[in-house]
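Remarks on the overall topology
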Amino acid sequence: MHVSVRSLVVAVSAAGFLCAADRPAASKVTTSPKPAAVQAPNAAAFEKAVAPVLGSTCAQCHNSQLASGGFDAGPFLAPGSVVDQREGWEKILQKLRDGEMPPKGVPRSEAAIDTLGKYIQGELDRVDRNTKPDPGRVVAHRLNRNEYANTIRDLLSVDFRAQKDFPTDDSGEGFDNIGEILTISPVLMEKYVAAAERIASRALAADPLPKPIEVQYHAKDKRIRRVDASTIEATHRVEFDGEYTIRFGLPGERGQDAKPVQLGFWMDGRLLTTKMVETKPSGLVYFNPYSEEEIRLLLPEGDHVFRAGFINDDVVKSLAPRDFYNNKTNKFLDSMTFVGPFKPEKEPASRAKVLICNPNSGPCVDKIIANLAHHAYRRPVTKAEVASLSKFVGIAKAHGQSTEQGIQLALEAMLVSPNFLFRIEHDPNPTDPNAVHKISDVELASRLSYFLWSSMPDDELLGLAEAGKLRGPGVLDAQVKRLLDDPRSSALADNFAGQWLEIRNLDVVKPDPQRFPDWGPELREAMRTETRMFFDYILRENRPLTDFLNARYTFLNERMAKYYGIEGVKGPEFRKVDLTTDQRGGILSQASVLTVSSYPTRTSVVIRGKYILQEILGAPPPPPPADVPPLDEAAVGTSLSLRQQMEKHRSNSVCASCHSKMDPLGFGLENYDGIGKWRTLDGKFPVDSSGTLPNGKTFATPGEMRAVLTSQLPQFARCVIEKLMIYGLGRGIASYDRRAIDEISRKLAADGYPFQTAIYEIVKSTPFQMRRGESVTTDNQGPTEKQAKPKEVAQK
């Protein structure tokens, strides 16, 4: 009889956990404590600084009767508004600094605007100095799919594909790690239970492997996808962790003087091994020359994309397409066969992670379970917790199973525990729910590791935290540096940049193959790789934030270089390439960004303009009204250019308020088609990439537009800080966070805007280091919990 998590853990842990995770906690709400009273500014000084702009200029259009744009300046003419209407004042200042107000045609005094800006900023700083900091509150945070997979990898050395096995995580504030919306559904709980059982079994590797089987993928059966003349690809499910023999069929032969070629084998885009393959005739006389090559590798369980191909195969480049698959002129790949599983010669790393001592030695069982729980829960564990988990070993042995199987059962229980699935932070003083306190060093360690690695803290980080040394002089900075230098910080490129820059959407966009015949899986992956490596380079080399906007380099292989019209790049490997023209530079000229900000059939000035406002300048436009008429798609590029259609649309005064900001930025990218290829014609019309921004700045080319955006570096830097803070905290930004953001912005500017400075300063900031308690209120219906609503909830 096999005792499993389904019969024991679900009954004991999962049912109670599901109720606790889904049920609102009675009588608790998440609210911000009321700030202490702050004295309003001096009335005379306020009048002198504010009246010349807000009273004399703005109030002509923005008053209680007219209220253009839905804004009435009246409430802001009182000195107390600096305290009571802070959010509104910050919006006013931003519009003044961006040059959006006063609008074109209205007289403006730059000196008066500058005086107003400095005065109000100084008053806001004064309010901050006299107000107790509010770090905000982070709710219990369920591990999302990427965090779960990475944590399993680091905890047990098991490769688990949570992205394929679990439902898609909801997304809010632009990211899928926002604690308030990472809920638990019954379906997900069932997935957790099934995953725990399989992961624990794989980690112990104690179950016998089945008899090896052979699975072949052959070009004649159309089960192989030909990537190019030298490369084939197959999607194959590896049913069990183990060693496998992979055989490759190679028909044909080349000339007598043909040199060997290097055969590469990839899994999910990662090169696993290479082997030299002979291509010249063997000397044997037969009608259809054919040879096989084989390799033997340890492969992880799961669905994978395998690729085999010749690396830097110069011969095939010299062949005419008709000779690619001619047995007499070329040697090529046409099949891939998997044989296995076989028991590995070496003990799996996962087994060594679990069995840190001999489980048959008595006291060792508790030591093993304590070690697993310590790492799985990411904190010290109590004797009672260890004793509770050790009971599973006794239950298994009572049913005739081994000690190892009992440990496996205990591990299953850990993997469905809230202590594993959630990052939970505690209030040390429940009698004072509004109390602001530093989070513990152990909680800080998890915040830091999930920020930079999307995974659990390692032994060094957790050890420092448990010893109370993480906040010691220089220790936290040293740990940030160590985590950034570790390869696991590539999670920032995958999970932060992938969502900030919306590159994950490359998986779902479907450009029209008739309009864009270059589009395909290889181009899509090449686009993704360029942007991922570009971001990773800026991060690791601590480059200035200006590189995101207008870097004079990017990362290309031969395919992407040809796509961009850049010569001198050979081979499939991506490498840093200097840019010598202003056609490309920074993320806004990269094909990945340009593709995800287009429609399937054409470019979109509106989507691209909104993208820049939202992801670059941090000033997203409001949602469009419901009755916006669609463009005449048939006319685009034929009877009217896209610019002409958009100018016609913008003539509507209701639409102009937003489109006057979006459209010029979108037009600045019109030299790039719907998948990022450079063009000079929109159908039969010449492309016009010129534009004028609301602040009066003009540009005529994409390069000039990037220069204009670079001149707005402080605004871009603030946007990056806010995005990083949302991602790092796992919650949205609130008004009380602006104080910390202002301070980080000042330090970043003083350092010259290096990227890593933003990360270091966020980690040292009050919102990251501290936490507010949970306020208690009661309404007429009795105790309730109020959940904060995310600004945006979408399926990614």
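Each value, and the rule that gives it
- Residues numbered from 1 in each chain as written.
- Predicted model: local features only at pLDDT ≥ 70, side-chain atom pairs only at ≥ 80, totals over all residues.
- Heavy atoms only, no water.
- pLDDT = per-residue confidence, 0-100.
- Contact = heavy atoms within 4.5 Å.
- Pairing = 2+ DSSP bridges.
- Helix = DSSP H or I, 4+ residues; strand = E, 2+ residues; numbered from the N terminus.
- Axes fitted to C-alpha atoms, helices over the stretch in contact; angles between N-to-C directions.
- Parallel < 35°, antiparallel > 145°, perpendicular 65-115°, else oblique.
- Left-handed = near helix turned anticlockwise from the far one by under 90°.
- Nonpolar A, V, L, I, M, F, W, Y, C, P; charged D, E, K, R; others polar.
- Buried < 20%, exposed > 50% of the residue type's maximum accessible area, 1.4 Å probe, protein only.

1. A few points about the confidence of the model for the chain
Detailed reading of the predicted coordinates is not advisable wherever pLDDT is low. This prediction gives the chain a mean pLDDT of 86; 86% of its residues lie at or above 70. A low-confidence stretch, residues 9-32 stays under pLDDT 50, and its non-local contacts, those more than four residues away or across chains, total 49 contacts. Scored below 50 in pLDDT, residues 776-796 shows 40 contacts in the model against residues more than four places distant or in partner chains.

2. A word on the sheet that holds strand β8 (residues 270-277)
Here five strands make up an open sheet; going across it, the order is β4-β5-β10-β7-β8 and the pairing antiparallel. For this open sheet the edge positions go to β4 (225-228) and β8, each flanked by a neighbour on one side alone. The mean angle between the axes of side-by-side strands here comes to 25 degrees, regardless of whether they run parallel or antiparallel. Note that β4 and strand β5 (residues 231-238) share three bridges and pair antiparallel. Bridging from a neighbouring strand, R226 pairs with I232 of β5.

3. Points about the packing of helix α15 (residues 441-452) against helix α29 (residues 755-764)
Interaxial distance between α15 and α29 falls to 11 Å at its minimum, and their mutual angle equals 155 degrees. It follows that α15 is roughly antiparallel to α29 by the angle criterion. Like other packed secondary-structure pairs, α15 and α29 cross with a definite hand, here right-handed. Across the interface between the two elements, L448, F451 and L452 from α15 touch I759, I762 and V763 from α29. In the contact of α15 with α29, the residues fall into six nonpolar, no polar and no charged.

4. A look at the pairing of strand β14 (residues 553-556)
Burial along β14 is two-sided: the face carrying Y553 and F555 and the face carrying T554 and L556 are both buried. Two strands pair when backbone bridges link them, and β14 and strand β15 (residues 575-578) are joined in this way by four bridges, in the antiparallel orientation. Looking across to β15, one finds that F555 is bridged to K576.

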